[in-house]
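Spelled out, the chains give:
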Amino acid sequence: MSAVTPSKPYESHLLRPGNTNCAGCGMSIGLQWLDEALGDEKPVMVIPSCCGIVTAGAFPTSGYGVPTAATTFASSPAVATGISAVSKMNGIDNPVICWAGDGGTYDIGIATLSAAAERNEDIIYICYDNEIYGNTGGQRSGATPVGAVTSTTPAGKGERKKDIMAIMAAHRIPYAATLSIAHREDFLRKVRYARSVKGFRFLLMLSPCPTGWKSEPDQSSELIELAVRSGLFPLYEVFDGRRYRINQRPDSTAIEPYIRQQRRFSRVWNNTDELQAFIDAQWQYLDGMATVFPAKKD
Amino acid sequence: MGRTLATGNHVAGHALALAGEANRNERGCCAGAYPITPQTEIIEYLSGFKFNKGRVVLVESEHSAMGVCIGGALAGGRTFTASSSNGLAYMTENIFAAGYYRLPIVMIAVNRTLGPPWNIWVDQGDSLMMRDAAWLQFYCDSHQDLSDTILLAFRVAEDHRVMLPVIVAMDGFVTSHTQMVVDLPTQQQVDALLPPCDIPHRLKHDHPATFGGMTFSNETEHHRYAIQHSMEQVFPVLEEARDEFEEIFGRRPAGALESFDTSDAETILIACNTMARTLHNVVKDRRARGEKIGMIRLKLFRPFPREQLLAAIGPATRIAVLDRNHSPGSGGIFWQEIATTLRERPDVLLQDYLVGLGGGDVTPENINAIIDDLNERTSASAPEWKDTSI
């Protein structure tokens, strides 16, 4: 499934072998596909406190084959702004990429993220969203779906997941899109398109976390495919925050195959009303936007 | 620019801007900026300055202002900002990050009381809160001292023997919003003083590494030891910087501290910032009346100039510290540091006085009352709260 570019020596891979990612972590595929999409271009990675910086391992080793800055939890877009500003005035145009989890994106970092988007900084921001505070052992976040059991919502989360894509689109940034680690061509195309655009670009990747989702590591890709097919995780793009393109429609109306493979949903295995209501409302909104404000044809 | 009348904030903005511009033929400069009273005019000045190679990023919080400085320095730029009071408190996490990353950022702290209750007037508790953040700290008593010290700060911070960030503090309103006659530097002078900003550990594409990643106890201990060692190098580096400054500007800014009439003094008072200037006038008056009294203006707080202080105290056996800050449950923060330094001088009676908290005026009458109190003592007591309305 994952693409290892054979022409590169291992040490120059964006994600080097020997990193500390768990088996089945969505980041392992996501980072390798990001590397593939960028080709020979070397980004600077700006990573706040999250599993993504644990991936780097312990000093003096580095799991990343590119210059990488570990920032405080809420700061990656601010630090990336400074890096981007000084790099540009020195004629360095390598992409500056924030790689942040959902805690750093939906919750503690949202003010910093919003401000960097409002300033339209020349940054690619990728949120690998595992829907929990994975690094601290799986607590609820603003990205946790309704009904999911976490270590701080033992009875299942009562609230719905925050719509971060709508929030980012409302900043009228040049490009926002969702990424699936089960849809390789779509993933690569979107990263390459994001790279071709200037200004603030936001990419949201649903990232399986077997330890937090209580799922099997070898099922991670399949889970994301089911999340897309069920309509829970729509694949779509928003251009300039106003024009919508849906990349794939759900082909199943059932959420059960997705949640049945994750024990975090065990509280709602037999009652999917809330999750289904969430999916229906999400698609009503998306369909409406894509109908009224369609993206231009390629 | 030459000799002119300017506010403290104008002086600070001018010095920061010229220091940033001095790096125009190198990797440029970058500031993260966010307003808070009483430092706002500094970031307004920076926002209006036309940098040839620089950018002032107007962010949404102090936390991000320091984040932008961290990023700009990681990319090799000269970086600076300013803040006060609760702004510094909000920025704290990234202040520590900048220190431990060893990035030579210069920040102006316009001292203001921490709230609540809300109070915009001077109190040094805000910058002193950052004493353990691996930043150098200078406290300035005048507009000229401020202007000169900001330039020295870049020169010392970026020296490879130091490579640590610097806070330059001034009194809110008393300095920031009043005008004094000051010799403002020219671009040519600043260019001559400041070598190119060269941050050896900046992010490099030909040397991919994770900067600020995880370490275990032995690497962390080594990192802290290296910072302590660099702090100790500040003293010789500061002397070199003052020498160079004097050659270019024809005047010599104060170093770690200034002492007046201490060589034969039996009684010494210690203070910082503008309070030290009032103190100096009182001490001169009492000297003229035949009292064996002297004073020390403490300028460098981190690293703490222990040896210089012991040498300056000389034979004196009675010392009063005037603290415009308060560590609840302990006392004045300068007093704590001085008491640690004086453990080798058990013959000294050291008394702390908490004065001018929350911006109260500290008048010659207040200081005379303190001296009278000190002279009557046979032993020290817990920090004394002086009623500043005496």
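Every chain's residues receive numbers from 1 upward, in the order its sequence appears when written. In the order they appear in the text, chains get letters beginning with A and ligands get numbers beginning with 1. This being a predicted model, a pLDDT of at least 70 is required before a residue's local features are given, and a value of 80 or more before pairs of side-chain atoms are given or counted; all residues contribute to the totals for chains, interfaces and linings. Side-chain numbers come from the whole structure's heavy atoms, not from hydrogens or water.

### Things to note about the overall build of chain B
Consideration 1: Helix and strand assignments follow DSSP, with helices taken as H or I runs no shorter than four residues and strands as E runs no shorter than two, numbered in order from the N terminus. In terms of helices and strands, chain B carries twelve helices and 16 strands.
Consideration 2: Based on C-alpha atoms, the radius of gyration is set beside the globule rule, defined as 2.2 Å times the residue count to the power 0.38. Against the globule reference of 21 Å for 390 residues, chain B gives a C-alpha radius of gyration of 21 Å, in line with a compact fold.
Consideration 3: Summarising its shape, the C-alpha atoms of chain B cover approximately 65 × 50 × 45 Å along the three principal directions.
Consideration 4: Working definition: with a 1.4 Å probe on protein chains only, accessible area under 20% of the residue-type maximum means buried, over 50% means exposed, and in between means partly exposed. Residue burial in chain B is summarised as follows: out of 390 residues, 59% are buried.

### Looking at the interface of chain A and chain B
Consideration 1: Taken residue by residue, the interface counts 39 residues in chain A and 40 residues in chain B.
Consideration 2: Each of two parts loses accessible area, computed with a 1.4 Å probe, when they are put together; buried area is these two losses added. Both sides of the chain A and chain B interface together cover about 2,700 Å² of buried area, and 63% of this is carbon and sulfur.
Consideration 3: Here, a salt bridge means any Lys or Arg side-chain nitrogen found within 4 Å of an Asp or Glu carboxyl oxygen. Where chain A meets chain B, there are one salt bridge.
Consideration 4: Think of a polar contact as two N or O atoms within 3.5 Å of one another; within protein, one of them needs to be a possible hydrogen donor and the other a possible acceptor, and neighboring residues in sequence only count if both atoms come from side chains. Here chain A is connected to chain B by twelve residue pairs in polar contact (both at pLDDT 80 or more).
Consideration 5: Elements supplying a minimum of two residues to the side of chain A that touches chain B: β2 (68-70), α3 (76-89) and α5 (110-118) of chain A.
Consideration 6: Broken down by element, the residue count for the side of chain A that touches chain B peaks at nine residues, all from α3 of chain A.
Consideration 7: Strands are treated as partners if at least two bridges between them are detected by DSSP. Relative to strand β9 (residues 210-211) of chain B, β2 of chain A runs parallel, the two being bridged by two bridges. The residue bridging Thr68 of chain A from the neighbouring strand is Thr210 of chain B, located in β9 of chain B. The contact rule is simple, with two residues in contact once any of their heavy atoms fall within 4.5 Å.

### A word on the sheet that holds strand β5 (residues 106-111) of chain B
Residues and elements named next belong to chain B.
Consideration 1: Across the sheet, which stays open at both edges, the seven strands sit in the order β3-β2-β4-β5-β7-β6-β13 with mixed pairing between neighbours. Every interior strand has two partners, whereas the edge strands, β3 (54-58) and β13 (300-302), have only one. Between one strand and the next, the sheet's axes are offset by a mean angle of 20 degrees, whatever the strand orientation.
Consideration 2: Where strand β6 (residues 136-139) meets strand β7 (residues 166-171), four bridges bridge the pair, whose relative direction is parallel. Paired with Leu136 across the strands is Val166, a residue of β7. Here the axes come from fitting lines to C-alpha atoms, over the contacting stretch only for helices, and the angles between their N-to-C directions go from 0 to 180 degrees.

### Focus: the packing of aromatic side chains
Consideration 1: By convention, a stacked pair of Phe, Tyr or Trp rings (six-membered ring in the case of Trp) has centres within 6.5 Å and planes under 30 degrees apart, an edge-to-face pair has planes over 60 apart, and any other such pair is tilted. Tallying each qualifying case throughout the model produces 21 aromatic pairs over all chains.
Consideration 2: Aromatic side chains Trp99 of chain A and Tyr128 of chain A sit 5.5 Å apart centroid to centroid with 20 degrees between the ring planes, which places their arrangement in the stacked category. Within this pair, whereas Trp99 of chain A is found in strand β3 (residues 96-101), its partner Tyr128 of chain A is found in strand β4 (residues 124-129), the two being separated by 29 residues in sequence.
Consideration 3: One aromatic cluster is present, built from ring pairs that chain together Phe49, Phe51, Phe80 and Phe154 of chain B.
Consideration 4: Only when the NZ of Lys or the CZ of Arg is both within 6 Å of the ring centre and within 35 degrees of the ring normal is a charge said to sit over the ring. Across the ring face of Tyr100 of chain B, the terminal group of Arg224 of chain B is positioned such that the distance to the ring centre comes to 3.9 Å.
Consideration 5: The ring of Phe301 of chain B carries the charged tip of Arg302 of chain B above its face, separated from the ring centre by 4.8 Å.

### Digging into the sheet that holds strand β8 (residues 243-248) of chain A
Consideration 1: Sheet architecture is open: nine strands sit in the order β8(A)-β7(A)-β5(A)-β6(A)-β4(A)-β3(A)-β1(A)-β2(A)-β9(B), paired in mixed fashion. Both edges of this open sheet fall to β8 of chain A together with β9 of chain B, since each of them pairs with a single strand only.
Consideration 2: Sheet topology places β3 of chain A next to β4 of chain A; five bridges connect them, and they run parallel. Bridging from a neighbouring strand, Ile97 of chain A pairs with Ile124 of chain A of β4 of chain A.
Consideration 3: Across the sheet, helix α11 (residues 273-292) of chain A is in contact with β7 (235-239) and β8 of chain A; its angle to β8 of chain A comes to roughly 120 degrees.

### Description of the nonpolar core
Consideration 1: Ranked by size, the top nonpolar core spans 150 residues in total, and within it Leu34, Ile83, Trp99, Phe202 and Tyr258 of chain A together with Ile70 and Ile338 of chain B carry the most contacts.
Consideration 2: Once residues lying within four places of it in the same chain are set aside, the contact partners of Leu34 of chain A are Leu14, Met45, Ile97, Trp99, Ile126, Phe187 and Val191 of chain A.
Consideration 3: For the purposes of this section, nonpolar cores are sets of buried Ala, Val, Leu, Ile, Met, Phe, Trp, Tyr and Cys residues that join through side-chain atoms within 4.5 Å. Counting residues in each nonpolar core, the second largest holds 55 residues, with Val110, Leu152, Val162 and Leu238 of chain B among its members.

### Comments concerning the side chain of Asp126 of chain B
Residues and elements named next belong to chain B.
Consideration 1: With respect to the helices and strands, the residue Asp126 is situated in helix α5 (residues 125-128).
Consideration 2: Of the side chains with opposite charge, Arg112 comes closest to the buried, unpaired Asp126, at an N-O distance of 7.0 Å.
Consideration 3: Of the polar contacts made by the side chain of Asp126, one reaches the side chain of Asn111; its length is 2.8 Å.
Consideration 4: Asp126 has contacts with Ser84, Ser85, Leu88, Val110, Asn111, Arg112 and Leu114, leaving out every residue within four places of it along the chain. The positive count covers Lys and Arg only, the negative count covers Asp and Glu only, and His and the chain ends enter neither.

### Regarding helix α4 (residues 85-101) of chain B
In an α-helix there are 3.6 residues to a turn, and that puts residues three or four apart on one side.
Residues and elements named next belong to chain B.
Consideration 1: By definition here, a helix of n residues has an expected span of 1.5 Å times n minus one. With 17 residues, α4 extends 23 Å from end C-alpha to end C-alpha; this agrees with the ideal 24 Å at 1.5 Å per step.
Consideration 2: A residue's bend is given by the angle between axes fitted to the 7 residues ending at it and the 7 residues starting at it. Helix geometry: α4 is bent most strongly at Thr92, by close to 60 degrees.
Consideration 3: Remark: Arg102 follows α4 within two positions and exhibits a positive phi of approximately 60 degrees.

### Quick look at the pattern of salt bridges
All names here are of chain A.
Consideration 1: The full count for this structure, using the stated rule, is 50 salt bridges over all chains.
Consideration 2: Asp186 is the salt-bridge partner of Lys190, the closest N and O atoms lying 2.8 Å from each other. Placement of the pair is Lys190 and Asp186 together in helix α7 (residues 184-196), with a separation of four residues, close to one helical turn.
Consideration 3: Relative accessible area serves as the criterion here: at 0%, Lys190 is assigned to the buried category.
Consideration 4: By relative accessible area, Asp186 is classed as buried at 14%.

### As for helix α6 (residues 143-157) of chain B
Consideration 1: In this model, α6 of chain B (15 residues) spans 21 Å end to end at C-alpha, consistent with the 21 Å of a helix rising 1.5 Å per residue.
Consideration 2: For α6 of chain B, a buried count of 15 out of 15 residues is recorded, marking the element as mostly surrounded by other parts of the structure.

### Digging into the side chain of Thr81 of chain B
Residues and elements named next belong to chain B.
Consideration 1: Along the chain, the position of Thr81 falls in strand β4 (residues 78-83).
Consideration 2: A relative accessible area of 0% means that Thr81 is categorised as buried.
Consideration 3: Within the local environment of Thr81, its side chain forms a polar contact with the backbone oxygen of Gly32, the two atoms lying 2.6 Å apart.
Consideration 4: When residues no more than four places from it in sequence are discounted, the contact partners of Thr81 are Leu16, Gly32, Ala33, Ala65, Met66, Cys69, Met91, Val106, Met107 and Ile108.

### Comments concerning the confidence of the model for chain B
In low-pLDDT regions, the fine details of the predicted coordinates are not to be read closely.
Consideration 1: Overall, the prediction assigns chain B a mean pLDDT of 97, with 99% of residues at 70 or greater.
Consideration 2: Reported confidence for the predicted complex is 0.96 by ipTM and 0.97 by pTM. pLDDT expresses, on a scale from 0 to 100, how confident the predictor is about each individual residue.

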